[in-house]
Amino acid sequence: MIRPFAKTLTAIALASIAFLTFGCEEEDNEIHQGNWRNTYKYFLGTPRGGAVAFQLVVDDTLRAIVGTGANMSNVQDLDRFSDFYMFTYTDKGLKESVRYDRLTDEQKASVRCTQAVASLPAAARARNGAVAFALNNKGYVGLGYDGTNCLNDFWCFDPETNSWSQAPSYLGDAVRFAFAFVIDGYAYVGGGEDADNNIIGDCYRFDGQKWEPVKNCFVPRSQASAFVCNGKGYLYGGTNGGKISTLERYDPATQDWVQMAQLRDATEETFDDQYTQLAGYGATAFVLNNNTNETRAYITTGGPNGSGQLTWEYNPFTDRWIQKASFEGGPRKFAVSFVLDANVDGNTWQQTGFVTTGGTSDLTVSGSNGKFYADTWAFLPTEQWNERD
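Residues numbered from 1 in each chain as written. Predicted model: local features only at pLDDT ≥ 70, side-chain atom pairs only at ≥ 80, totals over all residues. Heavy atoms only, no water.

A. Layout of the sheet that holds strand E22 (residues 336-342). Across the sheet, four strands lie side by side as E1-E24-E23-E22; this open sheet has antiparallel pairing. Strands with a single pairing partner mark the edges of an open sheet, and in this sheet they are strand E1 (35-42) and E22. Each adjacent strand pair in this sheet contributes to an overall mean axis angle of 30 degrees, direction not counted. In terms of strand pairing, E22 meets strand E23 (residues 350-356) through seven bridges, oriented antiparallel. Among the inter-strand pairings, Val-336 is bridged to a residue of E23, identified as Thr-356. (Pairing = 2+ DSSP bridges. Helix = DSSP H or I, 4+ residues; strand = E, 2+ residues; numbered from the N terminus. Axes fitted to C-alpha atoms, helices over the stretch in contact; angles between N-to-C directions.)

B. Quick peek at the nonpolar core. Within the largest apolar cluster, 21 residues are counted, with the highest numbers of intra-cluster contacts made by Phe-227, Tyr-236, Leu-247, Tyr-314 and Trp-321. Taken together, the elements giving at least two residues each to this core come down to strand E14 (225-229), strand E15 (232-236), strand E18 (284-288), strand E19 (296-300) and strand E20 (311-315). The next biggest cluster of nonpolar side chains, apart from the first, holds 18 residues, and it includes Leu-135, Leu-143, Val-189 and Phe-206. (Core = buried A, V, L, I, M, F, W, Y, C linked by side-chain atoms within 4.5 Å. Buried < 20%, exposed > 50% of the residue type's maximum accessible area, 1.4 Å probe, protein only.)

C. Representation of the environment of Asn-162 in the model. Topologically, Asn-162 is positioned in the loop between strand E8 (154-158) and strand E9 (163-167). We classify Asn-162 as partly exposed; its relative accessible area is 38%. Sequence separation between Asn-162 and Ser-119 is 43 residues; the distance between their C-alpha atoms is 9.2 Å. Ignoring any residue separated from it by four or fewer positions in sequence, one finds Asn-162 in contact with Val-117, Ala-118 and Phe-157. Polar side-chain contacts of Asn-162 include one of 2.9 Å to the backbone nitrogen of Ala-118. (Contact = heavy atoms within 4.5 Å. Polar contact = N/O pair within 3.5 Å; in protein donor to acceptor, adjacent residues only side chain to side chain.)

In structure tokens:
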């Protein structure tokens, strides 16, 4: 994004101050570190929100696979989708920003960053608001909403055969907008809301063969974001009659949840003075440099008003957040994210968080107004805005 020249001198000075204060996990200005780069790559399918993503090793390379979701704008033949695509990042792209479904065939051939893989079988039903995770290099997708019913089935994708098979059904209620994360060979799934909008708090773990209950999270929640830092699972925000301002951490060693610092200005200390817009829902999360002393989690889009662009960085060692540069795509919720090694600055390959798809609709009522996206953005958390192109 090109910034107005009139702001250059002031902004560079403020950005330098933000960089120097980064180590103490606080900022006192409006210039936030980090750079969102438009990859000029587009999700191959119909623009959508409420999709899922999981990551597998395919041909000795880590890939991201994205699918399902919904487009409620009533301009498509289908509201909900069962198709899946594998993200195959390259450092080449079309140097103009045009929505994928408006490109010419020639342009599409140059900018597609995904290739189609097998869709869910017909018995699985198209859905949005599902969850996905990977175990033993197989992808699992389940739960969600088909437009009439919430679902409790699960399906397994095998990249070697490019096919789906039915997996054991979820032990809990049929729900949409649940959370999921994976630690040490177990997937942990919980929360969400049923078809009557009841918010659920129970949790279960899955080893690829069977489900078993684990301790419920403290606060039942829907549209929460989950991530894993250094072998522990975190549950951020969500909604339950309003946005939830708690962060919970699950420790598989003790099989217990712990409440972390609140996502709001809740103390007389200064660290949370900037947390007035931290709590939110419908966000997506990714983690960079996991299992190192530089582990950081990132929460972006969604937010306190549903669709948004705010981006926050979490330090699991200090239990503190700092605001980063806001997402530069259109405001949205129900986007998906993943982490791949990529060269997005034209200089070096590095571990990079990507955000794609998303929309502004609530994804429940056909024909509801809203925008839906297929653009893909990459985040460089230590780059300054004045370096952006």
